[in-house]
Amino acid sequence: MSATTAVPGKGGPKSRTAHRISGPLFVAPFMVLFLLLFLAPLGYAAYLSLFQQRLIGGTVFVGLDNYVQALGDPQLLHGVGRVALFFVIQVPVMLLLALVFALALDSGLLRLARVIRLGIFVPYAVPSVVAALMWGYLYGPDFGPFAQLSRNLSLPAPHFLSDGWMLGSLANIVTWEFVGYNMIILYAALRTIPQELYEAAAMDGAGAWRIAWSVKLPALRPTLLLTLLFSVIGSFQLFNEPKLLMSIAPDVISSSYTANLYAYSLAFTGQQVNYAATVSFLLGLVIVIASYAVLLTANRRRTP
């Protein structure tokens, strides 16, 4: 071997140094953005939550007093409870529809499957603001098409924006928006199931329904858990839809209708930035607890 021939896997001090720093250099842009756009605002919000703005004395340090106040705030508690009820009603319906559509598309029995898949997914591409405005027009008791049709048929107009119907109306908007998104996730997971499992089930005499129940659904459990976790986070962050419908149903949707809307109203309407930061942190804690409860329940059911 020539003395000038390089030995594979070895190099001089400069090459080893370059190899050691190449990894951190690749990660550095993400870490800088993560620090500036996530950790720094989060730390600043935590700092703000420890203070109060008072008429006499200005901004004073109060420690955890804001958190104690928030835990007994009926507006916050009602907002969290309302969103929890929304989650219990809306998420099962949404995930069930997404699962049915994904299984139907994966069956290969549908004609124009690509067109149907695109049609179901398109609502997710519509911004939530536009979707809320569109459905607000449809729900309108005076100018909406449902109300006009009811009057033409001499029937009472449906009260979609009344107190008793509002939560269901919001659930319908969110379901319309996110069924396609969850369907695509479930459909992609179905496409990764090995074809050999279907062939083995067919050789054992299993039909299409039996294959869906005994092969596809068990294989989809991790993906269903993932979509459920996304739904937990999204439900407790409900904001755009009630915020926009508030203008046409102000007697039903108040500034504290959801916890996220309450934090926004405190910060930008009531100018209570410190208390808004506290409410936001407690809402994040609720999301963490709810997500952990879902994971814990899923793991216990999976364990024999």
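Residues numbered from 1 in each chain as written. Predicted model: local features only at pLDDT ≥ 70, side-chain atom pairs only at ≥ 80, totals over all residues. Heavy atoms only, no water.

K.L.:
Got a minute to help me understand the overall build of the protein in this structure?
P.N.:
From N to C terminus, the protein includes 13 helices and 2 strands. A compact globule built from 304 residues should have a C-alpha radius of gyration of about 19 Å, whereas the protein, at 26 Å, is more than 25% larger. Counting only C-alpha atoms, the protein reaches 95 × 70 × 40 Å along its principal axes. Here the analysis covers contacts within the protein between residues at least 6 apart in sequence; of these, 65% occur between residues at least 24 apart. Looking at charge distribution, the protein has the averaged site of its 18 positive side-chain charges lying 15 Å from that of its 11 negative ones. (Helix = DSSP H or I, 4+ residues; strand = E, 2+ residues; numbered from the N terminus. Rg over C-alpha atoms; globule rule 2.2 N^0.38 Å. Contact = heavy atoms within 4.5 Å. Lys, Arg positive; Asp, Glu negative; His and termini not counted. Charge placed at Lys NZ, Arg CZ, Asp CG, Glu CD.)

K.L.:
Before we go on, may I ask you to explain helix α7 (residues 166-191) in this structure?
P.N.:
Count 3.6 residues to each turn of an α-helix, and residues three or four apart come out pointing the same way. Spanning 26 residues, α7 covers 38 Å between terminal C-alpha atoms, matching the ideal 38 Å at 1.5 Å per step. Its axis deflected by about 40 degrees at Phe178, α7 carries its strongest bend there. (Expected span 1.5 Å × (residues − 1). Bend = angle between axes of the 7 residues up to and from the residue.)

K.L.:
Explain the confidence of the model for the protein to me, please; I cannot follow it from the model alone.
P.N.:
If pLDDT is low for a region, its predicted coordinates should not be looked at in detail. Model confidence for the protein is summarised by a mean pLDDT of 86, while 92% of its residues fall at 70 or above. Taken element by element, the protein is modelled with least confidence in strand β2 (residues 58-61), mean pLDDT 81, and with most confidence in α7, mean pLDDT 94. (pLDDT = per-residue confidence, 0-100.)

K.L.:
What am I meant to see in helix α5 (residues 128-139) here?
P.N.:
With 12 residues, α5 extends 16 Å from end C-alpha to end C-alpha; this agrees with the ideal 16 Å at 1.5 Å per step. All of the buried residues along α5 are Ser128, Ala131, Ala132, Trp135, Gly136, Leu138 and Tyr139. Down the axis, α5 shows its buried residues gathered within 160 degrees of arc, on one side only. Each element contacted by the buried residues of α5 is listed here: α6 (145-152), α7 and α11 (240-245). (Buried < 20%, exposed > 50% of the residue type's maximum accessible area, 1.4 Å probe, protein only. Arc of directions from axis to C-beta.)

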